[in-house]
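For reference, the chains in residue letters:
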Amino acid sequence: MSDGSAGSPPQGNPKSAYFLSHADEEIERRTLAVMVDNEPGVLARVVGLFSGRGYNIDSLTVAEVDASQHQSRITIVTEGTPHILEQIEAQLLRLVPVGEVIDITKSKRGIERELALVKVAGKGEARVEALRISQIFRANVIDTTNESFIFELTGASDKITQFVDLMRPLGLVEVSRTGVLSIKRGKEKG
């Protein structure tokens, strides 16, 4: 006997890991620093872990940090319930090329920064106002023409978002952001 739903999931089933049985828990934002072997396919395996389980990546940056050890650091910003975030960390540690997962968000010593390049076009008062706001945000002018600026801005993601929002009515043309970078204060590694 068929109920007409062949091939479709039963109603109430989650379409993403975010909606599993821990729905009463609050969603948290986490920044994870993942130390991996720098070899082909590692990034695809890490990203595949997220996409295969329905987890979202809000920000992703990758760079080699130790050429002699062939190690790279992947910084991932994601959101989920505490239970889901614990699962993400445990699943990352199970991947063979992953050496360490550091939750920067949980550390009182964690520092997060992002770099953005912001292009704004305008004349007259809009141009003057864009320059004035850039000084308040300590953005550097790295290129200028008679009709546009390109600003370089470093800081917390919220600061960059605020700056971009203020530039919209003044002639925002384009934004390029690096994604979140993170590190812990102090002399210890990690």
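Residues numbered from 1 in each chain as written. Predicted model: local features only at pLDDT ≥ 70, side-chain atom pairs only at ≥ 80, totals over all residues. Heavy atoms only, no water.

Per an unreviewed UniProt entry, the recorded name for the protein chain is Acetolactate synthase small subunit, and the organism is Hyphomonas pacifica. Quoted verbatim from the Sequence similarities (unreviewed entry) field of the UniProt record, the comment on the protein chain reads "Belongs to the acetolactate synthase small subunit family." (UniProt positions renumbered as here; feature names shortened; annotations may be inferred.)

Draft legend 1. Local environment of the pattern of salt bridges. Tallied over the full model, the rule gives 8 salt bridges. A salt bridge links Glu 147 to Lys 123; the shortest N-O distance between them is 3.1 Å. On the criterion of sequence distance, the pair formed by Glu 147 in the loop between strand 6 (140–144) and strand 7 (148–155) and Lys 123 in the loop between strand 5 (110–121) and helix 3 (124–136) is long-range, its members being 24 residues apart. A residue is classified by how much of its surface remains accessible, and Glu 147, at 44% relative accessible area, is partly exposed. Of the charged contacts, one joins Asp 165 and Arg 168 as a salt bridge, the two residues approaching to 3.5 Å between their closest N and O atoms. Placement of both Asp 165 and Arg 168 in helix 4 (residues 157–171) is noted, with a separation of 3 residues, approximately one turn of the helix. Each of the salt bridges in this network shares a partner with another, and the network as a whole consists of Glu 28, Arg 30 and Asp 103. (Salt bridge = Lys/Arg side-chain N within 4 Å of Asp/Glu carboxyl O. Helix = DSSP H or I, 4+ residues; strand = E, 2+ residues; numbered from the N terminus. Buried < 20%, exposed > 50% of the residue type's maximum accessible area, 1.4 Å probe, protein only.)

Draft legend 2. The pairing of strand 3 (residues 71–80), seen in detail. With 8 of its 10 residues buried, strand 3 lies for the most part within the structure. Looking at chain direction, strand 1 (residues 28–37) and strand 3 are connected through 10 bridges and run antiparallel. The partner of Thr 31 across the bridge, within strand 3, is Val 77. The sheet contact formed by strand 2 (residues 57–66) and strand 3 spans 8 bridges and is antiparallel. By the bridge assignment for strand 3, Asp 66 is matched with Gln 71. Taken together, strand 2 and the strand that follows it, strand 3, pair antiparallel across an intervening segment of 4 residues, in which His 70 is found at a positive phi of about 55 degrees. (Pairing = 2+ DSSP bridges.)

Draft legend 3. The arrangement of the packing of aromatic side chains in detail. Enumeration according to the criterion identifies 4 aromatic pairs in this entry. The rings of Phe 137, Phe 149, Phe 151 and Phe 163 are connected pair by pair, giving a single aromatic cluster. The lysine or arginine in question, Arg 127, covers the ring of Phe 149, its NZ or CZ lying 4.2 Å from the ring centre. (Phe/Tyr/Trp six-rings, centres within 6.5 Å; stacked < 30°, edge-to-face > 60°. Lys NZ or Arg CZ within 6 Å of the ring centre and 35° of its normal.)

Draft legend 4. The arrangement of the sheet that holds strand 1 in detail. Spatial ordering of the open sheet is given by 2-3-1-4, a layout of 4 strands whose pairing is antiparallel. Every interior strand has two partners, whereas the edge strands, strand 2 and strand 4 (98–103), have only one. Strand-to-strand, the axes of this sheet are offset by a mean angle of 20 degrees, without reference to chain direction. Those strands touched by helix 2 (residues 82–94) are strand 1, strand 3 and strand 4, and its axis lies near 155 degrees from that of strand 4. (Axes fitted to C-alpha atoms, helices over the stretch in contact; angles between N-to-C directions. Contact = heavy atoms within 4.5 Å.)

Draft legend 5. Molecular detail of the nonpolar core. Judged by nonpolar contacts, the single largest core of 17 residues is most densely connected at Val 34, Val 46, Phe 50, Ile 88, Leu 92 and Val 98. Once residues lying within four places of it in the same chain are set aside, the contact partners of Val 98 are Val 34, Met 35, Val 36, Val 46, Leu 92 and Leu 93. Ranked by size, the runner-up nonpolar core spans 15 residues in total, among them Val 118, Phe 149, Phe 151 and Met 167. (Core = buried A, V, L, I, M, F, W, Y, C linked by side-chain atoms within 4.5 Å.)

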